[in-house]
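Breakdown of the fold
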Amino acid sequence: MTTKSAAAAARATVHGYPRQGRGRELKKAIEGYWKGRVDADALRTTATDLRRTNWQHLTDAGIHEVPTGDFSYYDHVLDTTVMVGAIPERHRAAVELDALDGYFAMARGTQEVAPLEMTKWFDTNYHYLVPELSPDTVFTTNSTKQVSELKEALALGLTARPVLVGPITYLLLAKPAPGVSADFDPLTLLDRLLPVYAEILADLRAAGAEWVQLDEPALVQDRTPAELNATTRAYRDLGALTDRPKLLVASYFDRLGDALPVLAKAPVEGLALDFTEAAAVNLDALAAVGGLPGKRLVAGVVNGRNIWVNDLTKSLATLGTLLGLADRVDVAASCSLLHVPLDAAAERDIEPQILRWLAFARQKTAEIVTLAKGLAQGTDTIAAELAANRADLASRAGSALTSDPAVRARAAAVTDVDARRSQPYAERTAAQRAHLGLPPLPTTTIGSFPQTAELRTARADLRARRIDTAGYEERIRAEIQEVISFQEKTGLDVLVHGEPERNDMVQYFAEQLTGYLATQHGWVQSYGTRYVRPPILAGDISRPEPMTVRWTTYAQSLTSRPVKGMLTGPVTMLAWSFVRDDQPLGDTARQVALALRDEVNDLEAAGTSVIQVDEPALRETLPLRAADREAYLAWATEAFRLTTAGVRPETQVHTHMCYAEFGDIVQAIDDLDADVISLEAARSHMRVARELAEHGYPREAGPGVYDIHSPRVPSAAEAAALLREGLEAIPAERLWVNPDCGLKTRGWPETRASLENLVGAARTVREELAGS
């Protein structure tokens with residue numbers, strides 16, 4: 001096909017779309033179902049309406065082919081587990097009794113049955129449910145969801161493309177089931193899984209699918225020759241099927257690397273590649289393999305993970321180059337739009353000119369359509385859009401918001417000494433133990449306590465001016481009093497104030513720092529029904545005044561036990577925000593670290609002896625390619641140390657991480673030079689404790705014994721059993737007892753019972769140690 005005809009064939013599409021609805025209708029319906037206020041039929045009706053609304057909007061905007069199957073009640077990887085029949089044995093009875101309740105039991109657990117492990121989806125803040133597989137796993141086909149959602153779209157007269165997690169990525173994301181040897185490789189099940197995918201493809205073809213998208217983001221990571229050979233075999237076999245739709249294999253989040261020639265040669269009809277941050281590498285690599293003659297290329301030139309307007313002229317240049325490399329070039333975002341909010345037009349509190357710098361899912365859809373039109377019909381047809389885009393880009397580049405000379409000068413003056421504690425850990429720990437006087441196996445929580453309906457109402461009333469600041473603060477004081485009193489009665493050793501004044505662990509700080517923008521409706525799914533509003537890091541960062549000192553010192557005044565100061569670390573402040581793309585991330589991290597350093601020093605000056613700086617995103621933000629990691633970890637660990645290094649030796653610095661894979665960053669955890677780290681461990685059966693021990697981690701650690709992302713209450717015996725497992729890896733003098741994560745999403749009844757059991761478990765194990 002000639003370049004001209006390739007351009008004329010250009011179409012607009014997306015990989016996926018936000019699920020929640022404009023008013024988070026899905027979240028409300030699902031949580032209503034869990035509480036018994038919404039029945040299953042009403043929940044399904046809400047879901048159907050949301051899918052129809054999304055598809056109709058995409059079509060009305062000019063998208064030529066809408067995705068189906070990307071919609072989920074909880075998680076698309078869990079949907080894949082159901083699709084291939086890989087239900088864990090402990091959940092089979094619940095699934096057979098009621099498919100919907102069994103689905104949610106796998107996601108959240110029940111009082112009797114633990115849920116699937118949950119971790120981050122590559123380097124995003126989205127969480128997926130980890131498949132559990134074993135040598136005995138038998139896959140079975142269940143294409144009901146995928147077929148029914150395709151039929152819904154086709155019944156509306158739409159061109160639709162089902163989207164599935166590909167077989168290679170599914171197996172690479174899976175882990176050995178409990179009780180199975182850690183050496184078991186789920187990829188050995190590929191030959192068992194492929195016939196199920198063949199049946200699903202046949203079912204979708206019979207239902208009217210012309211194309212099916214198989215997502216293989218795992219192939220943008222470093223892959224072994226065996227994994228690449230498995231990929232070759234998988235797509236050779238699927239491509240050889242006679243009863244199937246056309247196959248579009250999609251990658252995103254990074255460059256495809258060694259997997260590109262494998263997929264380019266595979267007997268599939270199309271590839272989708274990320275041409276945003278990985279643009280130059282993917283483009284050059286595609287040219288090096290001779291392009292995709294006879295195939296469809298879906299070019300991800302609009303960033304699906306960040307919210308800045310696209311540089312349309314630059315994207316058109318990339319698309320123009322790609323025209324000579326494939327028979328058909330379609331325009332898309334780099335990945336699913338699941339990772340951005342729905343509509344920037346809903347924001348009323350952001351200055352109109354600044355708002356024009358932002359593109360949420362609906363605005364990105366318009367950008368995709370504009371680029372497809374310009375590619376197919378020529379740039380004269382989008383001249384007005386190009387002119388407006390250039391003006392918006394120039395407005396942002398020239399804005400005073402983006403550059404503060406004082407902040408830049410301070411960051412430039414940082415030296416290595418600024419990022420080092422005054423004494424090594426071995427000397428600090430003795431001073432801290434003498435100062436704090438804690439028992440063996442000290443107990444604490446991660447920070448937040450339940451955010452009750454009353455607290456959320458109080459914040460809403462303050463925003464709406466139904467109560468004044470004095471009335472709101474009286475409510476916060478009462479909540480802190482209750483939290484401190486409960487912790488003292490329960491017997492916790494190091495307390496927290498509970499964070500009742502905080503809406504979100506990143507947003508709360510972003511709203512008090514210069515350079516950040518806050519949204520009112522910028523909700524993004526983190527996991528299940530948990531949605532967050534990532535702030536927008538738009539300019540240089542500084543801290544005008546203390547952010548946490550007042551409430552922390554108030555809490556300390558209520559008790560003689562130490563109360564932790566609670567902060568969010570610089571890497572997480574970046575990772576859980578929409579970060580600026582006009583300077584290196586390391587530069588931005590240093591600015592945030594210096595602002596937080598001021599807060600840490602003020603907390604210490606006010607008498608706070610334990611300060612926790614959470615960095616749950618340290619592993620999440622780790623580059624997907626090993627070659628890129630050293631540079632990232634260098635600036636990320638420096639930013640943490642810069643935040644915390646200014647305190648006295650006797651001040652104990654904690655950090656916290658959760659719901660990620662930590663084995664490959666234990667050295668970086670060590671390099672943080674925190675005195676204590678708490679980590680998620682309950683769902684992963686203390687694996688992280690063993691990983692720390694294997695590394696020789698020398699500091700104190702609290703691998704969690706209470707999974708807070710499940711409503712079930714762990715018994716004292718269960719928590720004690722996990723604690724004993726932790727002691728096999730970490731000696732008692734360095735082991736803390738704590739939950740996996742903060743408690744803001746839990747209710748008070750389960751929180752009380754779980755923490756009472758946690759303290760009881762610590763007491764039991766202490767007694768065992770004393771008697772041994």
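Each remark here, short or long, concerns the structure printed above.
Structure report, in brief. (Residues numbered from 1 in each chain as written. Predicted model: local features only at pLDDT ≥ 70, side-chain atom pairs only at ≥ 80, totals over all residues. Heavy atoms only, no water.)

Read across the open sheet, the seven strands follow the order β1-β5-β7-β8-β9-β10-β11; overall the sheet is parallel. Whereas interior strands pair on both sides, the edge strands pair on one side only; in this sheet they are β1 (66-68) and β11 (326-333). Strand-to-strand, the axes of this sheet are offset by a mean angle of 25°, without reference to chain direction. Most of the contacts of helix α15 (residues 361-377) go to β11, to which it runs at about 155°, and overall it touches β10 (292-302) and β11. (Pairing = 2+ DSSP bridges. Helix = DSSP H or I, 4+ residues; strand = E, 2+ residues; numbered from the N terminus. Axes fitted to C-alpha atoms, helices over the stretch in contact; angles between N-to-C directions. Contact = heavy atoms within 4.5 Å.)

Glancing now at the sheet that holds strand β17 (residues 610-614). What the five strands build is an open sheet, ordered β16-β17-β18-β19-β20; its pairing is parallel. The open sheet has two free edges, formed respectively by β16 (564-568) and β20 (700-703), since each of these has just one partner strand. Sheet twist, expressed as the mean angle between neighbouring strand axes with direction ignored, is 20°. Pairing analysis gives five bridges linking β16 to β17, with the strands arranged parallel. Residue pairing across strands places Gly-565 opposite Ile-611, the latter belonging to β17. Contacting β17, β18 (652-657) and β20, helix α18 (residues 425-436) runs over the sheet at an angle of about 70° to β20. Together, β17 and β18 form the strand contacts of helix α26 (residues 629-644), whose direction differs from that of β18 by roughly 145°.

Let us now look at the pairing of β20. The alternating pattern of β20 places Glu-700 and Gly-702 on one face and Ala-701 and Pro-703 on the opposite face, and all of these are buried. Note on the crossover from strand β19 (residues 676-679) through helix α28 (residues 687-695) to β20: the handedness is right-handed. (Buried < 20%, exposed > 50% of the residue type's maximum accessible area, 1.4 Å probe, protein only. Right-handed = clockwise from strand over helix to strand, strands pointing away.)

Okay, the packing of helix α2 (residues 25-34) against helix α6 (residues 99-108) next. Remark: α2 packs on α6, axes separated minimally by 12 Å, with the N-to-C direction vectors making an angle of 100°. Overall, the two elements α2 and α6 adopt an arrangement that is roughly perpendicular. Residues Ile-30, Tyr-33 and Trp-34 of α2 lie in contact with α6, whose contacting residues are Leu-100, Asp-101, Phe-104 and Arg-108. Taken together, the residues of the contact of α2 with α6 sort by class into five nonpolar, no polar and two charged. (Parallel < 35°, antiparallel > 145°, perpendicular 65-115°, else oblique. Nonpolar A, V, L, I, M, F, W, Y, C, P; charged D, E, K, R; others polar.)

Take the nonpolar core next. Grouped together as the largest cluster of nonpolar side chains are 119 residues, with contacts concentrated most on Phe-139, Tyr-170 and Tyr-235. The biggest single contributor to this core is helix α9 (residues 190-207), with nine residues. Residue contacts for Phe-139: discarding those within four places in its chain leaves Val-84, Ala-86, Leu-133, Tyr-170, Leu-171, Leu-189, Arg-192, Leu-193 and Val-196. Residues Leu-441, Tyr-516, Tyr-554 and Ile-665 belong to the second largest nonpolar core, which totals 98 residues. (Core = buried A, V, L, I, M, F, W, Y, C linked by side-chain atoms within 4.5 Å.)

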